[in-house]
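Here are the chains, one letter per residue:
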Amino acid sequence: MQEGRMKQELGGGAVFPIGEENRAFAPYFTGECYLNRLTTQGVSIGNVTFAPGTINAYHIHHKGGQILLVTGGRGWYQEEGKPAQELHPGDVVNIPPEVKHWHGAARDSWFQHLAVEVPAEGASNEWLEFLAPEEYDKLP
């Protein structure tokens, strides 16, 4: 990890520690990613930090949905069949249940968000395929 570059690109909004390398979910990310679970009591909130060029696979939050609170860097969010949305600190993404999507860093920037899991009885996540590399490469 290039800590100096990471802190500079994440900026002042990245106030939570990045945590440990995200080994448990590594198969669902294209590169280097870190996870700091801030709480699992009531509402699960994780601080997720993506290295430049790292994104996660398409996934679906069944029943509960997810909220992303962008705290640092520059990244992307995309729902299947829709244009990708560029993300910056202060952006909020409300992801309804059953929506297939991916998110992660721009190729030239570290990216960090708080991932809030919306509680629901029987909620689960389903991990799917990755965005085609040629589609990611089209993003600025």
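Here we look at the overall build of the protein
Next, step 1: Secondary structure assignment for the protein yields two helices and eleven strands.
Next, step 2: Along the protein, helices (α) and strands (β) appear in the sequence α-β-β-β-β-β-β-β-β-β-β-β-α when read from the amino end.
Next, step 3: Viewed in the frame of its principal axes, the protein has a C-alpha envelope of about 40 × 35 × 25 Å.
Next, step 4: Counting over 140 residues, the protein shows a buried share of 43%.
Next, step 5: For the protein, the exposed surface amounts to about 7100 Å²; the carbon and sulfur share of it is 53%.

Describing a nonpolar patch on the surface
Next, step 1: A surface patch of nonpolar side chains, amounting to about 250 Å² of accessible area, comprises Val 15, Phe 16 and Leu 38.
Next, step 2: Of note, Val 15 is situated in the loop between α1 (3-10) and β1 (20-21).
Next, step 3: Overall, the relative accessible area of 60% leaves Val 15 in the exposed class.

Brief notes about the side chain of Ser 44
Next, step 1: Relative to the helices and strands, Ser 44 resides in strand β3 (residues 44-50).
Next, step 2: For Ser 44, a relative accessible area of 19% translates into the label buried.
Next, step 3: Excluding its chain neighbours within four sequence positions, the residues that come into contact with Ser 44 are Arg 37, Thr 39, Ala 115, Val 116 and Glu 117.

Observations regarding the packing of aromatic side chains
Next, step 1: In total, this model carries seven aromatic pairs according to the counting rule given.
Next, step 2: Ring geometry for Tyr 28 versus Trp 127: centroids 4.6 Å apart, planes at 10 degrees, classification stacked. Of this pair, Tyr 28 sits in the loop between β1 and β2 (33-39) while Trp 127 sits in strand β11 (residues 124-127); the two residues are 99 residues apart in sequence, bridging distant segments of the chain.
Next, step 3: Between Trp 102 and Tyr 136 the ring centres are 6.4 Å apart and the planes differ by 65 degrees, which places this aromatic pair in the edge-to-face class. Here Trp 102 is found in strand β9 (residues 101-105), whereas its partner Tyr 136 is found in helix α2 (residues 133-137), with 34 residues between them in sequence.
Next, step 4: Residue Trp 102 is classed as buried on the basis of its relative accessible area of 0%.
Next, step 5: Here the guanidinium or amino end of Lys 100 rests over the ring plane of Tyr 58, the centre of that ring lying 5.1 Å away.

Digging into the environment of Gly 75
Next, step 1: Tracing the sequence through the fold places Gly 75 in strand β6 (residues 75-79).
Next, step 2: A relative accessible area of 0% places Gly 75 in the buried class.
Next, step 3: Expressed as a C-alpha distance, the spacing of Gly 75 and His 113, which sit 38 residues apart in the sequence, is 9.3 Å.
Next, step 4: Apart from the residues lying within four places of it in its own chain, the contact partners of Gly 75 are Gln 85, Glu 86, Leu 87, Gly 104, Ala 105, Ala 106 and Phe 111.

Notes on the pattern of salt bridges
Next, step 1: This model, assessed by the stated rule, comprises seven salt bridges.
Next, step 2: As a salt-bridge pair, Lys 82 and Glu 79 come within 3.1 Å of each other at their nearest N and O atoms.
Next, step 3: A relative accessible area of 15% means that Glu 79 is categorised as buried.
Next, step 4: Close ionic contact of Glu 129 with Lys 100 constitutes a salt bridge, the shortest N to O distance being 2.7 Å. With Glu 129 in the loop between β11 and α2 and Lys 100 in the loop between β8 (92-95) and β9, this pair connects stretches of sequence that are 29 residues apart.
Next, step 5: For Lys 100, a relative accessible area of 17% translates into the label buried.
Next, step 6: One network of salt bridges, in which partners are shared, links Arg 74, Glu 86 and Asp 108.

Rules used in this analysis
- Residues numbered from 1 in each chain as written.
- Predicted model: local features only at pLDDT ≥ 70, side-chain atom pairs only at ≥ 80, totals over all residues.
- Heavy atoms only, no water.
- Helix = DSSP H or I, 4+ residues; strand = E, 2+ residues; numbered from the N terminus.
- Buried < 20%, exposed > 50% of the residue type's maximum accessible area, 1.4 Å probe, protein only.
- Areas by Shrake-Rupley, 256 points an atom, 1.4 Å probe, with all protein chains shown as cover.
- Patch = residues over 30% accessible without salt bridge, like charges linked within 9 Å, V, L, I, M, F, W, Y side chains within 5 Å.
- Salt bridge = Lys/Arg side-chain N within 4 Å of Asp/Glu carboxyl O.
- Contact = heavy atoms within 4.5 Å.
- Phe/Tyr/Trp six-rings, centres within 6.5 Å; stacked < 30°, edge-to-face > 60°.
- Lys NZ or Arg CZ within 6 Å of the ring centre and 35° of its normal.

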